[in-house]
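# Coordinate inspection notes
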Amino acid sequence: MSQIIPSTTPIRTFENYGGRTNAVAVFPDKRRMITGSNNTLSLWDLETGVVLKKMEGHNSAVHALAISRDGQIIASGDDDGKVIAWHGETGESITQPMKIHPEAISSLDFSPDGMVLATASNSSDRTVKFWCTKTWQMQGDPIECGYNIVCVRYSPSGELLAIAAYSFIQIYNPGTRECVASSMTGHQFTRHESDARNTSLAWTPDGTRLLSAASKYILEWDTSTWQQVGHRWEGHTDTITAIAIHPTGTLVASASNDMHVRLWRLSDQRTVAVFRHSLTSRVNCVTFSVDGKHILSGSRISEWAVPKILAITTARDVCLTGDLSIAEELLTQEIHTNANDFTSYASRSFIMARKHNLDNALEDASKSINIEPSLIGFISKGIALCGKGQVREARVAFDVASMFTNQDSEINLFLLLIKAIALFNADQHEEAMLLIKDLAAVCSNVDPLVCRVVETYLRVQLGIKASDDARHDEATEHFTAAVNSTAFSPQYIHLIYADFVMLFGWDLESLLLTTHQKRCQAFLSAGKLDEALEAHKYMMDTIDDIAKDSCLDWSNGKSSEKCSALAANNDRILGAEIPGQEQDGYDAEPNFFYEMHQHSQISRPRLQQRPERLKRLRLAMTRRPQEAPTLAPAPPATSPPVATTSPPVAAAAATTTTTFKTHLRQLFTLPLHHATQPVVDVPFAQGRQRNAAAGAPGSEHSLIRDEDLPSQDPNTQHQHQPAAVQVDPGEHGGGLFCCCC
């Protein structure tokens, strides 16, 4: 590999006259940044580059900063062991300086829901403490680590907390304070040099990797096995001070005392760009902009452009964001490089099907099978055939695919779910729903959540079809069944089953909010204004402020007779209108398949109990024939039941440790320039028909956890449910979304 010439000219530099910048963080609104220097915080406007506010209150240098994910709270920690909480919008202090550790605060991190702040100190108390962000009182017992702590980071799901001391890393369940993995249990941490010390931690957005900086190296850890992936990342010549991960999870930035920031590609652990700071002796901090287009780093913050192509590492990544043409181009390049790459042919078949180019999709699937019969090949053929309406032949293809699952129950389950979805897209609704219900009954011990997710999503599609056919009462039943389902209570479901996005263009991220909105529209269309009112009240009572803003953006528009009647009874609608036919700024049916955007910064839960599944599925997808020998409160409504044979959500989430995204990672996972790194045996301790119109509102905040919903008695609450958005049939053509990828 040729030597990379460092870039020495940043886009701009933020002049901070308060001293050396020790910490930096960006707000989720994409407009502001905060920096910590001596004893002052500076709130910056990222567009103009000016300081909006100087925030004073500390008496010593600030080295730790954190912003809650909703941007409402800032926390800062200084060298005296004091923490101050600030209002995220105004920059005014919420608390007085709180002495919470004897000495310097080394690290702060908010839990994903913003309810807890974890604090750590590189001091004699050697503890991680937890603080309620409502009362600012300590919450529960601290975690006693026994060593000075340099970094604490919540996993994207909030189910795990990584703690780094100089010489070890430990993984805790922050709720129970139980240590689930430790570099000091059973196996000593692998030290590359005698003076190697941990300095920073970062989780990938999907939670499948944890990166740690140790001296001048970066180590990558598989969070299902806690084994090191590949070799140590080498390039810096002095201690790494901070690491950050790109919102898509494809790139890593590291800052070092060698005056450089290095940009790495996660897929092959290679340096792809270097940025050199010329005016400082060290680079104390680094972060990415929320949109991932820039890096902010330095002791005097410099802004660097991230080359766009560097964020594209695999066809799968761009497919998830809706860039199907780029995904096709990347796979075509792979095929040109290796004409016998059966996996790339099958993967391109999925892309062709999603682009409605079904003839080419079938051709690519057939080429894949001719080169090498495989699970991925026959799945792609089955999906393409369903798209062409050749249902009988598609069933045969899926049946043959089952020969390549090696009788693995989990692989069989996902294969049958893909078959059910493809058949549903081919208008075989009854057959598909029956198959899913049967699977839910017999496979609850494999993945109790996935069948409910698929059935709920398809139930929404049935509601859309009924609404399109003016069968509004039936539509309300389907939408109510979906809302009553517990399938979307886990907060990061859109990331847990991201492969449904990849294969079929699903939008799981905004499904719950969209279903609520479409249900309200169905009640309005059926002339049931009271029920629509109650549905809207339920939605507004159970969603967070960010989702409320989305609802108002969705509902605001020209007045209509129906919605005016609704608004007259509910001041929370603020004169809003439910979008209907031919409204300005909205499609008659707002696009249900909202393009997959920026969801990678929050990741799915990742537990530790199924370390071998990924390996089994990867092998299965490419195997040669000879190698194969308190539930959320639900509004009352009469509706068809959604499968409930599996345990409650909490148990389901705990069981779903290896996700569909992980299972099918062999799809679109070919790196552009480098072979997949081997897993080095350096173990830790075991521990979602048309896609055209305006996007339906949604964010990860619309996926509400059970515990965040207010307690209600379903028997006394009358249809307390959100308003309905018109769902489009998706990327897959008229009618319901068709089978594609």
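What you see as residue numbers is a count from 1 along each chain, following the sequence as written. Totals for whole chains, interfaces and linings use all residues, but because this is a predicted model, local features are given only for residues with pLDDT of at least 70 and pairs of side-chain atoms are given and counted only at 80 or more. To obtain the side-chain values, all non-hydrogen atoms of the structure were included, while hydrogens and water were left out.

### Examining the overall build of the chain
Working definition: helices are DSSP H or I runs of at least four residues, strands are E runs of at least two. Numbering for both runs from the N terminus. On a plain count of helices and strands, the chain comes out with 19 helices and 29 strands. Exposure categories follow from relative accessible area, calculated using a 1.4 Å probe and restricted to protein chains: below 20% of the type maximum is buried, above 50% is exposed, and the middle band is partly exposed. Scored against the burial criterion, the 741 residues of the chain give a buried share of 61%. If you sum the accessible surface of the chain, you get close to 27200 Å²; carbon and sulfur atoms cover 48% of it. Areas reported here follow the Shrake-Rupley algorithm with a probe of radius 1.4 Å; residue values treat only the protein chains shown as occluding.

### Some points on unusual backbone geometry
In this structure, Ser215 takes a positive phi of about 55° despite not being glycine. Relative to the helices and strands, Ser215 resides in the loop between strand S19 (209-214) and strand S20 (217-222). Ser215 gets classed as buried once you look at its relative accessible area, which sits at 10%. One non-glycine residue with positive phi stands out, namely Gln407, at about 60°. Its location among the elements puts Gln407 in the loop between helix H6 (391-401) and helix H7 (409-425).

### Remarks on the environment of Leu435
Mapped onto the elements of the fold, Leu435 is located in helix H8 (residues 429-442). Each C-alpha atom, one on Leu435 and one on Lys419, is 9.1 Å from the other, the two residues being 16 residues apart in sequence. Every residue in contact with Leu435, bar those within four places of it in the chain, is listed here: Leu416, Lys419 and Ala420. Residue contacts follow a heavy-atom distance rule, with two residues in contact if any of their heavy atoms lie within 4.5 Å.

### Quick look at the sheet that holds strand S24 (residues 260-265)
Here, any two strands with at least 2 DSSP bridges between them count as paired. The strand order across the open sheet formed by four strands is S22-S23-S24-S25, and the pairing between neighbours is antiparallel. Of all the strands in the sheet, the pair left with one neighbour each is strand S22 (240-245) and strand S25 (270-276). Between one strand and the next, the sheet's axes are offset by a mean angle of 20°, whatever the strand orientation. In this analysis an axis means a line fitted to C-alpha atoms, helices contributing only their contacting stretch, and an angle means the value between N-to-C directions, from 0 to 180 degrees.

### Some remarks on helix H9 (residues 450-468)
Under the convention used throughout, the expected extent of a helix is 1.5 Å for every residue step, that is, one less than its residue count. Given a rise of 1.5 Å per residue, 19 residues ought to cover 27 Å, and the 27 Å separating the end C-alpha atoms of H9 matches this to within 8%. A large share of H9 lies buried, amounting to 17 of its 19 residues. Looking at the residues trailing H9, positive phi occurs at Ala470, about 65°.

### Remarks on the sheet that holds strand S6 (residues 62-67)
Taken together, the four strands give an open sheet; going across it, the order is S6-S7-S8-S9, and neighbouring strands pair in antiparallel fashion. Since the sheet does not close on itself, it has two edges, and those belong to S6 and strand S9 (98-99), each with one partner. Across five bridges, S6 lies against strand S7 (residues 73-78) in antiparallel orientation. For Ile67, the partnering residue across the bridge sits in S7 and is Ile74.

### Some thoughts on the pattern of salt bridges
Note on definitions: salt bridges are taken to be side-chain nitrogens of Lys or Arg within 4 Å of carboxyl oxygens of Asp or Glu. Within the structure shown, the criterion is met by 23 salt bridges. For the salt bridge of Arg32 with Asp29, the shortest nitrogen-to-oxygen distance reads 2.9 Å. Classification of Asp29 by relative accessible area gives partly exposed; the value is 26%. Among the ionic contacts, a cluster of salt bridges with common partners joins Asp29, Arg31, Arg32 and Glu89.

### Concerning the confidence of the model for the chain
Where the model shows low pLDDT, its predicted coordinates should not be examined in detail. The predictor reports its confidence for every residue as pLDDT, a score running from 0 up to 100. Here the chain averages 75 in pLDDT, while 68% of its residues score no lower than 70. Scored below 50 in pLDDT, residues 184-194 shows 20 contacts in the model against residues more than four places distant or in partner chains. For residues 570-741, every residue scores under 50 in pLDDT, and the model assigns this stretch 598 contacts once sequence neighbours within four places are set aside.

### Examining the packing of H9 against helix H10 (residues 472-484)
Relative placement of two packed helices is described by the angle separating their axes and the distance separating the axes. Two numbers describe how H9 lies on H10: the axes approach to 8 Å, and their chain directions differ by 165°. Relative to H10, the element H9 is oriented roughly antiparallel. Here H9 runs over H10; the crossing is left-handed. Together, Thr456, Arg459, Val460, Leu462, Gly463, Ile464, Ala466 and Ser467 of H9 and His472, Glu474, Ala475, His478, Phe479, Ala481 and Ala482 of H10 make up the contact between the two elements. For this classification, under 35 degrees means roughly parallel, over 145 means roughly antiparallel, 65 to 115 means roughly perpendicular, and everything else is oblique. Crossings are classed by handedness, with left-handed meaning an anticlockwise turn of the near helix from the far one by less than a right angle and right-handed meaning a clockwise turn.

### Describing the side chain of Ser299
Looking at the secondary structure, you find Ser299 in the loop between strand S27 (294-297) and strand S28 (302-305). Judged by its relative accessible area of 6%, Ser299 falls in the buried class. Reaching out from Ser299, the side chain makes a polar contact with the side chain of Asn284 at a distance of 3.0 Å. Whenever a nitrogen or oxygen atom comes within 3.5 Å of another N or O atom, the pair is scored as a polar contact, on the condition that within protein one atom can donate a hydrogen and the other can accept it, and that pairs from neighbouring residues in sequence are kept only if both atoms are in side chains.

### Considerations on the nonpolar core
Ranked by internal contacts, the top residues of the largest apolar core, which has 77 residues, are Ile383, Leu417, Val450, Val454, Phe500 and Trp506. With eleven residues, the single largest contributor to this core is H7. Buried Ala, Val, Leu, Ile, Met, Phe, Trp, Tyr and Cys residues form a nonpolar core when they are joined through side-chain atoms within 4.5 Å.

### Some thoughts on the pairing of S24
In terms of burial, S24 is largely enclosed, as six of its six residues are buried. Both faces of S24 are covered, namely the face carrying His260, Arg262 and Trp264 and the face carrying Val261, Leu263 and Arg265. Strand direction decides the pairing type here: strand S23 (residues 251-256) and S24, joined by five bridges, are antiparallel. Opposite Leu251, over in S24, you have Arg265 as the bridge partner. Following S23, the chain reverses through three residues before pairing antiparallel with S24; Met259 in that reversal takes a positive phi of roughly 75°.

### What about the packing of aromatic side chains?
The aromatic pairing rule takes the rings of Phe, Tyr and Trp, using the six-membered ring of Trp, and pairs them if the centres are within 6.5 Å, calling planes under 30 degrees apart stacked, those over 60 edge-to-face and the rest tilted. All told, the structure shown has nine aromatic pairs when counted by the stated rule. With 5.8 Å between their ring centres and 20° between their planes, Phe378 and Phe404 make a pair best called stacked. Of this pair, Phe378 sits in helix H5 (residues 375-387) while Phe404 sits in the loop between H6 and H7, placing them 26 residues apart in sequence. We classify Phe404 as buried; its relative accessible area is 6%. Taking 3.8 Å as the distance between ring centres and 0° as the angle between the ring planes, the aromatic pair formed by Tyr457 and Trp506 counts as stacked. With Tyr457 in helix H9 and Trp506 in the loop between helix H12 (498-504) and helix H13 (511-525), this pair connects stretches of sequence that are 49 residues apart. Look at Tyr457 and you get buried, because its relative accessible area is 0%. The exposure class assigned to Trp506 is buried, which follows from its relative accessible area of 0%. Within the aromatic cluster, the residues linked to one another by ring pairs are Tyr457, Phe500, Phe504 and Trp506. Note on geometry: a ring has a charge over it if NZ (lysine) or CZ (arginine) is within 6 Å of the ring centre and within 35 degrees of the ring normal. Just above the ring of Tyr166 sits the side chain of Arg197; from NZ or CZ to the centre is 3.7 Å. The ring of Trp264 has Arg262 lying over it, and the distance from NZ or CZ to the ring centre is 5.7 Å.

### Remarks on the pairing of strand S12 (residues 127-132)
For S12, the tally of buried residues reaches six of six residues, placing the bulk of the element in the interior. Bridge count for strand S11 (residues 116-121) against S12 is five bridges, and the pairing is antiparallel. Counted as the bridge partner of Leu117 is Trp131 from S12. In this antiparallel pair of consecutive strands, S11 and S12, the connection spans five residues, and Arg126 shows a positive phi of 50°. Relative to strand S13 (residues 143-144), S12 runs antiparallel, the two being bridged by two bridges. Of the residues in S13, the one forming a bridge with Val128 is Ile143.

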